[in-house]
Amino acid sequence: MVMKRILVGMGTCGLSAGAQKVYDRLEELADEGTAEVELSRTGCIGMCYREPLVEVREGESRIIYGDVDAELAEQIYRTHVLGDEEVSDSVVYRQEGPDGEIGGSESSYHILQKRIVLRNCGTIDPESIKEYESAGGYQALRKALEDMTSEEIIDEVKASGLRGRGGAGFPTGLKWSFAAANEADTKYVVCNADEGDPGAFMDRSVLEGDPHSVLEGMIICARAIGADQGYIYCRAEYPLAIRRLNVAIAAAREKGYLGEDILGSGIDFDIRIKQGAGAFVCGEETALFASIEGRRGMPRLRPPFPAEKGLWGKPTNNNNVETYANVPWILTRGADEYAKIGTEKSKGTKVFALAGKVRRGGLAEVPMGTTIRELVFDVGGGIKQGRDFKAVQIGGPSGGCIPEELADIPVDFESIPETGAIMGSGGLVVMDDTTCMVEIARFFLDFTQKESCGKCTFCRIGTLRMLEILERLTKGEGEPEDMEKLSRLGEQIKQSSLCGLGQTAPNPVLTTMRYFEDEYRAHIEEDRCPAGSCLALVDFHIDPEKCVGCTLCAKSCPVEAISGEPKEPHEIDNSVCVRCGKCISSCNFDAIYKS
Amino acid sequence: MATETTNRQEDFTYRLWRYDGQPGELIPLLQSAQDHFGYIPRRAISYIASVTGIPESEVYGVITFYSQFRLRPMGKYVIRACAGTACHVSGASSILDAIQDELGVESGETTEDGLFTLTSVACLGCCSLAPVVMVNDETFGRLTPASVRKVVKEIARRGDKQ
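The structure presented is a predicted model; accordingly, all values stated were derived computationally and were not measured.

Colleague: Could you give an account of the confidence of the model for chain B, naming the residues involved and the relevant values?
Modeller: Residue and element names in this part refer to chain B. On average, chain B scores 85 in pLDDT, and the residues at 70 or more come to 87%. When pLDDT is averaged over each helix and strand of chain B, the minimum, 59, is found for helix α1 (residues 2-18) and the maximum, 95, for helix α4 (residues 56-65). Two summary scores accompany this predicted model of the complex, namely pTM at 0.91 and ipTM at 0.85.

Colleague: Kindly report on unusual backbone geometry, identifying the contributing residues and their values.
Modeller: Residues and elements named next belong to chain A. Residue P52 is bonded to the preceding E51 through a cis peptide linkage, with omega at -10°. Structurally, P52 is set in the loop between β2 (37-42) and β3 (54-58). Following R302, the chain continues to P303 via a peptide bond in cis, the omega torsion being 0°. Considering the arrangement of structural elements, one finds P303 in the loop between α12 (285-292) and β10 (316-320). Even without being glycine, D261 reaches a positive phi, approximately 50°.

Colleague: Can you explain helix α9 (residues 202-209) of chain A? Please cite residues and give values.
Modeller: Counting buried residues along α9(A), 8 of its 8 residues qualify, which places the element largely inside the surrounding structure. Restricting attention to buried positions, one finds in α9(A) the residues A:M202, A:D203, A:R204, A:S205, A:V206, A:L207, A:E208 and A:G209.

Colleague: How would you summarise the pairing of strand β13 (residues 389-394) of chain A if you had to cite specific residues and measurements?
Modeller: A regular strand places its side chains on the two faces of the sheet in alternate fashion. Residue and element names in this part refer to chain A. Most of β13 sits out of view: 6 of its 6 residues are buried. When β13 meets strand β15 (residues 427-432), the two strands line up antiparallel, connected through 5 bridges. Residue pairing for β15: I394 is matched across the bridge by L428. In terms of strand pairing, β13 meets strand β14 (residues 400-403) through 4 bridges, oriented antiparallel. What sits directly across from A391, in β14, is P403. Once β13 ends, the chain turns through 5 residues before running back antiparallel as β14, passing G395 with a positive phi of about 75°.

Colleague: Explain the interface of chain A and chain B to me, and be specific about the residues and the numbers.
Modeller: Taken residue by residue, the interface counts 52 residues in chain A and 39 residues in chain B. Summing both partners gives a buried area of about 3,500 Å² for chain A against chain B, and 56% of it is carried by carbon and sulfur. Summed over the three residues of chain A that lose the most area to chain B, namely A:A277, A:R296 and A:S585, the buried surface amounts to 17% of that side. Summed over the shared surface of chain A and chain B, the result is 2 salt bridges. Counting every contact that joins chain A to chain B gives 15 residue pairs in polar contact (both at pLDDT 80 or more).

Cut-offs and rules
- Residues numbered from 1 in each chain as written.
- Chains lettered and ligands numbered in written order.
- Predicted model: local features only at pLDDT ≥ 70, side-chain atom pairs only at ≥ 80, totals over all residues.
- Heavy atoms only, no water.
- pLDDT = per-residue confidence, 0-100.
- Helix = DSSP H or I, 4+ residues; strand = E, 2+ residues; numbered from the N terminus.
- Buried < 20%, exposed > 50% of the residue type's maximum accessible area, 1.4 Å probe, protein only.
- Pairing = 2+ DSSP bridges.
- Contact = heavy atoms within 4.5 Å.
- Buried area = accessible area lost by both parts, 1.4 Å probe.
- Salt bridge = Lys/Arg side-chain N within 4 Å of Asp/Glu carboxyl O.
- Polar contact = N/O pair within 3.5 Å; in protein donor to acceptor, adjacent residues only side chain to side chain.

Here it is in structure tokens:
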């Protein structure tokens with residue numbers, strides 16, 4: 001009989017949903033010693049919406065349970081692990097061997113997916129270098145050191161068609177060749193893990209679930225360009241990712257994959273982690289270098305490009321987490337294999353973080369060229385509560401808005417910019433008919449405005465002026481010329497800012513104005529919010545079914561607009577109400593709603 | 001209490017003593033100072049400046065650039081209310097309102113009893129659990145104004161007992 005393995009998904013999302021309690025319970029049960037079983041932890045499997053997830057693996061067959069609590073964990077242990085019988089009601093995913101049949105209630109989440117970057121996430125223990133090696137890890141590095149010259153590695157990456165996954169999509173092989181061509185006593189390999197876009201968690205999941213794949217990609221890059229020191233610049237908000245990286249780096253040093261004379265090749269290379277300190281602009285490469293150097297993270301003019309003068313003024317190659325994680329796969333399976341996936345000019349896959357009003361929020365890796373509709377409906381399972389799909393915000397605050405009528409465009413580096421948005425790093429926030437597009441534009445601009453480093457006048461002051469206009473609009477105080485002012489300012493900020501932050505900050509405003517002009521006009525001309533979201537422009541009501549008459553809302557109301565007898569449902573007089581929203585947050589029964 | 005403060009100070013001094021003159025160590029030094037004191041006190045800025053040779057004004061400039069660094073002590077429980085995109089579209093602002101009302105402080109402030117500091121953060125990365133609030137290292141997801149009030153009350157009770 002094959003020994004069963006139990007894996008508990010313990011990325012940040014799993015842990016927040018209570019995976020630790022589940023793991024502790026399973027550990028107690030395993031300690032009873034009634035069965036030969038191996039319990040281990042793994043990274044994010046992607047189905048964040050069904051966390052905590054527990055997998056029971058027997059040989060090649062995998063069965064994953066969702067929404068597991070301590071009680072269900074015990075049931076799974078007693079019925080499935082000891083008794084060989086599935087707890088079928090809770091199975092979310094079932095796979096009989098690598099090419100076997102797929103089943104379970106959430107199997108459709110996986111059908112369109114192609115896992116290259118996430119190949120090991122959720123299947124291996126991220127803190128075990130042995131498991132990474134058994135999954136084929138560090139084979140690509142051996143190949144790069146023993147069988148390939150620097151040029152051959154770069155040519156292979158070029159031939160794969162891999163492009164930077166941080167958002168801009170610059171061809172990775174070409175970037176490497178620039179850094180390789182510049183002679184210097186020291187060169188650096190930098191990994192940008194400063195994933196700052198609100199709504200994006202792709203890189204975090206890779207770092208937490210498969211840190212060695214990123215290290216291996218970086219070491220291969222170092223070999224290709226001739227670098228001797230690497231840095232991973234990681235957000236301080238990702239403590240678990242930093243811890244797992246530290247564990248991985250220590251293990252890689254011990255095994256001789258890092259340090260002096262790597263695998264006897266005569267090549268020296270080591271990696272240090274630098275923790276970010278909370279500044280969105282540090283995702284921009286020149287600002288990131290300034291921050292590693294210990295200064296205020298402000299960008300500078302390019303050229304000179306990092307390949308010539310980067311970190312500490314030395315030739316530097318900078319890619320993001322997802323880009324490096326692709327590299328070992330390309331070297332092992334070959335550039336041709338990689339180039340078969342995706343579209344003509346955008347090869348491979350892209351990892352997306354699905355969030356917002358989508359039914360299945362989580363991490364999904366799909367071939368380039370998959371349409372937005374497929375991502376939202378086939379992978380994401382459609383909109384929560386059966387509401388109408390309105391738009392997606394792609395690429396976070398620097399991306400843009402793509403409306404439902406354009407949802408059939410493929411996701412790749414050529415098609416997305418045609419809509420006015422950018423590919424960005426992979427955040428995909430889904431919005432339904434209750435999301436106000438003016439308000440969402442205000443939200444994103446509020447973010448970039450606060451994160452502007454202040455170096456360029458247009459970014460520092462221009463975004464503030466735009467934000468002021470949007471704030472007025474959401475309060476119903478718009479003026480007829482506001483839209484014209486917003487587009488003029490937006491274009492000027494895009495043209496006059498030094499770095500990507502300012503150059504893309506107006507995108508959410510410009511794209512929502514382009515596709516949802518009516519909604520802007522309703523705010524300006526009719527003081528009306530069609531989505532029923534802007535507080536100042538809606539009516540407040542109390543649901544008599546939920547209200548218990550506790551009087552808290554009436555007490556919290558600053559203008560005495562709420563009336564009713566204790567223990568009887570209350571009512572709101574909207575002619576008196578000043579729409580401060582205090583009653584909503586005071587209610588213990590979620591009985592107050594807007595319309 | 002007194003010995004604990006002394007220990008932390010010794011730890012921090014040790015790190016400074018270990019400073020190897022490498023450029024780029026300023027941010028890690030500030031991070032370790034904040035780990036030990038809970039914030040960056042005035043005297044830590046002077047220490048760091050004297051050891052590294054970086055002018056105090058520049059150290060201060062770096063501190064104020066990054067949102068992680070704090071120049072004032074924090075409460076025993078730090079509530080980080082997520083204002084990321086997914087949380088925002090799921091009603092994060094009414095969650096923040098409820099906490100502000102429950103504690104009687106605005107975002108960025110500390111309660112008078114020193115128990116809570118309330119801050120609003122860009123994204124905690126648990127988007128599928130939106131709206132989310134973190135209290136120290138513990139995450140609470142799928143909140144409503146009513147349920148977040150319960151969370152705060154529960155922690156306040158826990159905090160009072162200790």
